[in-house]
Amino acid sequence: MKERPSFPARVQGLGAQPKARPAPPPIETPQGIGLDSGAVRQRMVDKLATLGVRDAAVLQAMAFVERHRFVDSALANQAYEDTSLPIGLGQTISKPSVVARMAELLRNGGSAKLGRVLEIGTGCGYQAAVLSQLASEVYSIERLRGLHDKARANLRALFLPNVHLLFGDGMLGFPQGAPYAGIIAAAGGEAIPPAWLEQLAPGGRLVAPVAGNAAGEQVLMVVDKTPQGLRQTVLEAVHFVPLKSGSA
Ligand code: SAH
């Protein structure tokens, strides 16, 4: 809360005893109904909680980042619905429940902030902003120059010094930032690229969509680097844009 400016105490009549003043009424914060209002995001967060997101740090990060600033103004009114939205160049921003789910998996119930995290597929930069609240450093790589530039523009106003945007082929990871406590992919390939597993720190966790069953459905995969080796867990079916090699 802001401190009020102090004014010279009013002179009370000679000999008057200073009276205990009643506490001032709380200052009302105007409750905007526009997209800038925290109330709009809080409603989204309440919905995420009903969908099963339990991690308070994740819910807090989702409440912090203004998703409407990452989508086209024509779509801004849908920004707090649980839906994926186009971000240009044939790509999409994942729906909030998927971003929250993956962040929760990445944190794995830990109480401390994650260390360095690598995100493959910056897109518009939304998930990178969410991750910036949950990790000490976020390295986010995008293969499409147009989206890399868009994310840079979107994130500029947020002043998130721990987010590092990189342009290039994320299938190679980013060895300069390795090892990572967490790796998260927003695009799904046939298999997990070996570079990601190499760049994962011991005790680290990777969360990524990957081609799964015979029906051709993608599934969410979690890989833990344990002292006994890599442990894979296959979770629910998901729909992510394809992971492609090279940059453009
Ligand atoms: N996290 C993003 C989601 C973007 S969609 C957001 O919050 O907006 C996934 C992105 O992955 C797309 O922008 C796509 O271009 C990118 N992508 C696909 N293959 C890639 C690769 N090999 N390296 C880096 N980015 C890749």
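Residues numbered from 1 in each chain as written. Predicted model: local features only at pLDDT ≥ 70, side-chain atom pairs only at ≥ 80, totals over all residues. Heavy atoms only, no water.

## Things to note about the nonpolar core
- Counting residues in each nonpolar core, the largest one holds 49 residues, and the members touching the most others are Met-62, Phe-70, Ile-93, Tyr-126 and Val-130.
- For this core, the element with the highest residue contribution is helix α3 (residues 96-107), accounting for seven residues.
- When sequence neighbours within four positions are dropped, the list of residues in contact with Val-130 reads Ala-61, Met-62, Val-65 and Val-99.
- The next biggest cluster of nonpolar side chains, apart from the first, holds 22 residues, and it includes Tyr-139, Ala-187, Ala-208 and Val-241. (Core = buried A, V, L, I, M, F, W, Y, C linked by side-chain atoms within 4.5 Å. Buried < 20%, exposed > 50% of the residue type's maximum accessible area, 1.4 Å probe, protein only. Helix = DSSP H or I, 4+ residues; strand = E, 2+ residues; numbered from the N terminus. Contact = heavy atoms within 4.5 Å.)

## Focus on the pairing of strand β10 (residues 229-238)
- Strand direction decides the pairing type here: strand β9 (residues 218-226) and β10, joined by eight bridges, are antiparallel. If you follow Asp-224 over to β10, its bridge partner there is Arg-231.
- Between β9 and β10, which follow one another and run antiparallel, lie two residues. (Pairing = 2+ DSSP bridges.)

## Considering the confidence of the model for the chain
- Per-residue confidence for the chain averages 90 on the pLDDT scale, and 87% of its residues sit at or above 70.
- Low pLDDT (under 50) marks residues 1-18, which in the prediction has five contacts with non-local residues, meaning those over four places away or in another chain. (pLDDT = per-residue confidence, 0-100.)

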